[in-house]
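Below are the chains, spelled out letter by letter.
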Amino acid sequence: MKNDTLHLAGVYTKTVMKSWFQYKVDAVLRSLAVFLREATGIIVIYFTLLKFDTLNGWNIYEMLFLFSLLFVTYGILIIFFTGLRDFGGTVRSGNFDRFILRPRGLLFQLIFCNADWFAAIGHGGLGIVLFVISAGKVGVVWNAATIVYYLLAIVGGVLIQGAIFLFLATLNIYLLETNSLKELFYWNMRKFAGYPISIFHKSIQVIMIYVVPFAFVNYFPAQYLLRKSDMAQYPDIFMYLTPLVGGGMYLLAYAFWRFSIRYYKSSGN
Amino acid sequence: MISFEKVSKFILSEVSIHIPAGVTTGVIGVTGSGKTTLLKLACGLLQPERGSVYTLGREATIPSGRQTKLLPKELGVLFAHLPLLQPEESVRSNFQSRGLIYRMPKERFWREYHRLSERLGFAEFQQEKVQTLSLGQRRRAELGAVLLHQPKLLLLDEPTVGLDQNAKEALRSLLEEREADGLTTVITSHDMSDIAAVCGRIAVLNQGRLYAYGSRELLLKKYAPVDVMQLTLRSGVPNLEDLPVKSYAADNDKWMLIYDSNHITSAEILRTILTTCSVQEVSIHKPDLEDVLMRIEQEKTEVTEEQGKT
């Protein structure tokens, strides 16, 4: 009976799917809409960058490779962390109270009751398209080592962003609303992360390496594979740290969550 | 089973109450008196500002980590405003998910499911999606869902809203059966008749304070002891001189006597009347919990007026 967690995860996933497929056309269009919305942004950037040969030494395909890491990790992220991203709404709807009163882990329920599979297809799909377009043209030698590194970097990138969502969800327990913080620390920083951080002012670089470490989601992993000259200004070790940063951040955020959950207050009647 | 020690939270102020195991307790009070807050404190969804709350022998805090696997399994909680079932799933598959969540062995699950669906009458719409059900149908299914895993402690917030008389009766008999097996239940309700039918103990909340707590009979004796006897006489005139009747009214052969049941019983009054009269018909109106609440409200008004004068 103890090993029924996967079965329950399957049941929750089926329920989420059923919920989306109540409106079948809308469900499919959602994936398409997310894909096109994000692709439009990339197309605008693509045509802008065509006017330049390189951006601080990065050509257009290397930039697309950078973007692909961002989208692939986000695609996986919203399968597992949508419940944390939208934690405020879950609390307000009373669903979190329901989770608390069940004999199952809170994070387990938050993850599997809220997986956004259709947006994941949109974001992840775009990430894969960008990867396919760019991977063959950026001079990466794909062998067992680079493939393993790439996969570990993806896992680390997902964990870094997941830790940010988990940290913000935990702050929600104290502050009741963290949408502005999410806008500031996640969405704005993610916009910077589409470009090589070396083009930004030193203060932004510090934030992106040490505060909201998006640089470890795509810039440093891309540097390991592409070895661009602007890496010279950072320690080489940074190229190998993504899985560690992800794991470490997630453990810290999880400890913060475990400590704070006892202070949760139901939203009232 | 549940113990509040000088608990203050929101409107609740200095509430101390002990609800023993195996008893069904009703919590009554007007809207905003703190009934739902009391239940949320009991299950740990709210933490007291002052005082302490112990439920099932443990401090009622938010369960996390290891505790999660212990406390909620023993609890069945239904709040009027909290969604309990997945709206886009059928009643049956909601129950199957719940059986899995509570790690119920298959055999026990189906036995309980069939029993509850028959008793609470949701077998007939078990394949319907929850979002298509009427309020009463949904409430029947929700009540079944909280009883499914056979909790030790049941907290029900306004459970009879939307239920028809048959469903109320089914709920009452289910709770009585489970009480005999040791289930502890705390119910809040606006409908005093529902509470009276099920609860061995009643707690009265008034403006966040525990105004009264005890058996139904005790509360009635203390706060609404006035009985009304209506008589239709065949002959004679009753001699009321020696009876401690508060007031009476007569219209030819019809008499109405109002008296304090703490001072004299209906049987004693009737016995005295029968010495001088022949009685054709008699009816006695006993006060109910509605009268208790009215009396409390009345006392509150009197105190407010008194304070206004001084």
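Residues numbered from 1 in each chain as written. Chains lettered and ligands numbered in written order. Predicted model: local features only at pLDDT ≥ 70, side-chain atom pairs only at ≥ 80, totals over all residues. Heavy atoms only, no water.

This next bit is on the pattern of salt bridges. Residue and element names in this part refer to chain B. Tallying each qualifying case throughout the model produces 20 salt bridges over all chains. Taking the shortest distance from any N to any O, the salt bridge between glutamate 74 and lysine 152 comes out at 3.9 Å. With glutamate 74 in the loop between strand E5 (58-59) and strand E6 (75-78) and lysine 152 in the loop between helix H4 (135-148) and strand E7 (153-157), the pair connects residues that are 78 residues apart, well separated along the chain. Classification of glutamate 74 as buried rests on a relative accessible area of 17%. In this structure, glutamate 142 and arginine 139 form a salt bridge, with 3.0 Å as the shortest nitrogen-oxygen distance. In this pair, glutamate 142 and arginine 139 are both assigned in helix H4, 3 residues apart and thus about one turn of the helix distant. When sorted by exposure, glutamate 142 lands in the same class as arginine 139, which is buried. Taken together, the salt bridges that share partners define one network made up of Glu112, Arg115, Arg119, Glu177 and Arg178. (Salt bridge = Lys/Arg side-chain N within 4 Å of Asp/Glu carboxyl O. Helix = DSSP H or I, 4+ residues; strand = E, 2+ residues; numbered from the N terminus. Buried < 20%, exposed > 50% of the residue type's maximum accessible area, 1.4 Å probe, protein only.)

Let us look at the domain arrangement of chain B. Domain boundaries assigned for chain B yield domain 1 (2-220) and domain 2 (226-286). A separation of 43 Å is found between the C-alpha centroids of domain 1 of chain B and domain 2 of chain B. (Domains from an automatic or database assignment.)

We now examine the interface of chain B and chain A. Where interface size is quoted, it is often the accessible area lost as the parts come together. With 32 residues of chain B at the contact, the number on the chain A side is 30 residues. Between chain B and chain A, roughly 3,000 Å² of surface is buried when both sides are summed, and carbon and sulfur atoms account for 59% of that area. At the surface where chain B touches chain A, the tally comes to 2 salt bridges. Note that Asp4(A) is salt-bridged to Arg103(B), the shortest N-O span being 3.7 Å. (Contact = heavy atoms within 4.5 Å. Buried area = accessible area lost by both parts, 1.4 Å probe.)

A few words on the state of the cysteines. Per the stated rule, a full pass over the model turns up 0 disulfides over all chains. Distance from the sulfur of Cys199(B), which forms no disulfide, to the nearest cysteine sulfur (Cys43(B)) is 18 Å. (Disulfide = S-S within 2.5 Å.)

Once that is clear, we can look at the pairing of strand E12 (residues 245-251) of chain B. Residue and element names in this part refer to chain B. As defined by bridge partners, E12 adjoins strand E13 (residues 254-260) across 6 bridges and the pair is classed as antiparallel. By the bridge assignment, alanine 250 is partnered in E13 with tryptophan 255. Count of turn residues in the E12/E13 antiparallel hairpin: 2 residues, of which asparagine 252 carries a positive phi of about 55°. (Pairing = 2+ DSSP bridges.)

A word on helix H12 (residues 219-226) of chain A. Residues and elements named next belong to chain A. The element H12 is largely enclosed, with a buried count of 8 among its 8 residues. Contacts made by the buried residues of H12 are with helix H3 (60-80), helix H9 (144-175), helix H11 (202-211) and helix H13 (242-260). Taken from the residues just after H12, arginine 227 is the one with a positive phi, measuring 50°.

Residue and element names in this part refer to chain B. Strand order in this open sheet of 4 strands is E12-E13-E11-E14, and the pairing throughout is antiparallel. The outermost strands of the open sheet, each flanked by one partner alone, are E12 and strand E14 (278-285). The mean inter-strand angle of the sheet, taken between neighbouring strand axes irrespective of direction, is 20°. Pairing geometry for strand E11 (residues 226-235) and E13, over 7 bridges, is antiparallel. By the bridge assignment, valine 226 is partnered in E13 with aspartate 260. Docked against the sheet, helix H8 (residues 266-274) engages E11, E13 and E14, running at close to 20° with respect to E11. (Axes fitted to C-alpha atoms, helices over the stretch in contact; angles between N-to-C directions.)

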